[in-house]
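Examining the three-dimensional arrangement
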Amino acid sequence: MAISINNLDAALGAEVSGIDLSTAVPRGDIQAIEDVWNERLVVVFHGQKLSDPQLIAFSKNFGELDPPGPNPYGEPFNKEHPELNVISNVVENGKPIGNLGDGEAVWHADMTYVEVPPKAAMLHSLEVPPHGGNTYFANMFAAYESLPANLKKAVEDKIAVHDASRNSAGMLRKGYKEVTDVRETVGAHHPVVRTDPKTGRKALFLGRRPSAYVLGFSVAESETLLDALWAHATQPHFVMCHEWKVGDLLMWNNLAALHRRDPFDPSTRRVMHRSQIKGDERIA
């Protein structure tokens, strides 16, 4: 059956149907998925039953896998397949089986605190709560292109520090200290505006708001600029919302879209397995 592609009624996102990702996907279908992914930034597949090896095999169609970033517990959650991460609130034998718990995950892009961040990620839902835990994505190309003139001028040639100390749920990573002065934030330095090397389009590249700092600014100046950029970039008209069902697989462009997650009832279970694709560009 031929695949079908339908753009979502939002600033980004497309659904791809008529495909079984557990089998070898034809090269032409991979190219069609990659094309819509480049254009729409987030691709949604429903009803996919994937083992970990099958998730790995599909992910590798789009590049080399990148191992997960350090988690607060200092060891892989998926010991059999450490190239995958587990996103879950479930606790077994007194120990979490995955990362990020059941609280809100703030707006962020993944691992931008490293010099060459992953270019993409995939998330496969195995168990979902009946309510909550929705994931939102925001289009950073659209956000940059619609910046007011004064903010476009303000971000020209600016460099920001991306904090490495905490994950997107606010948990302090093993081996890091609390940030008390953003001028001492530890993490990669990236331009506030990224230029896509293939298309030349510009996108805001913000990483994560907590403990971010714009180099060369006073703390007050940095906070004022970053507050204005984040308020602009996360407006509803740049955003899509995904309400999860078991078997959904989402893939997204990590360098051009932010994402966040709603909290959910801690007495319910949410289990997802995640891959990410290694980046190949220093952000410029």
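Refer to the structure printed above.
Residues numbered from 1 in each chain as written. Predicted model: local features only at pLDDT ≥ 70, side-chain atom pairs only at ≥ 80, totals over all residues. Heavy atoms only, no water.

**Considering the sheet that holds strand S10 (residues 135-139)**
The strand order across the open sheet built from four strands is S8-S18-S10-S16, with neighbouring strands paired in antiparallel fashion. Looking at the sheet topology across the chains shown, the edges are occupied by strand S8 (105-108) and strand S16 (239-242). Averaged over all adjacent pairs, the angle separating strand axes in this sheet is 15°, with direction ignored. Pairing between S10 and S16: four bridges, direction antiparallel. Note on S16: the bridge partner recorded for Thr135 is His242. (Pairing = 2+ DSSP bridges. Helix = DSSP H or I, 4+ residues; strand = E, 2+ residues; numbered from the N terminus. Axes fitted to C-alpha atoms, helices over the stretch in contact; angles between N-to-C directions.)

**Structural notes on the sheet that holds strand S1 (residues 4-7)**
Sheet architecture is open: eight strands sit in the order S1-S2-S3-S17-S9-S19-S4-S7, paired in mixed fashion. Two strands bound the open sheet, and with one partner strand each, they are S1 and strand S7 (99-100). The pairing of strand S2 (residues 14-17) with strand S3 (residues 42-45) spans two bridges and is classified as parallel. Its bridge partner being in S3, Ala14 is matched across the sheet by Val43. In this fold helix H2 (residues 52-59) packs onto S3, strand S9 (120-127), strand S17 (249-253) and strand S19 (271-277), with an angle of close to 30° to the strand it touches most, S19. (Contact = heavy atoms within 4.5 Å.)

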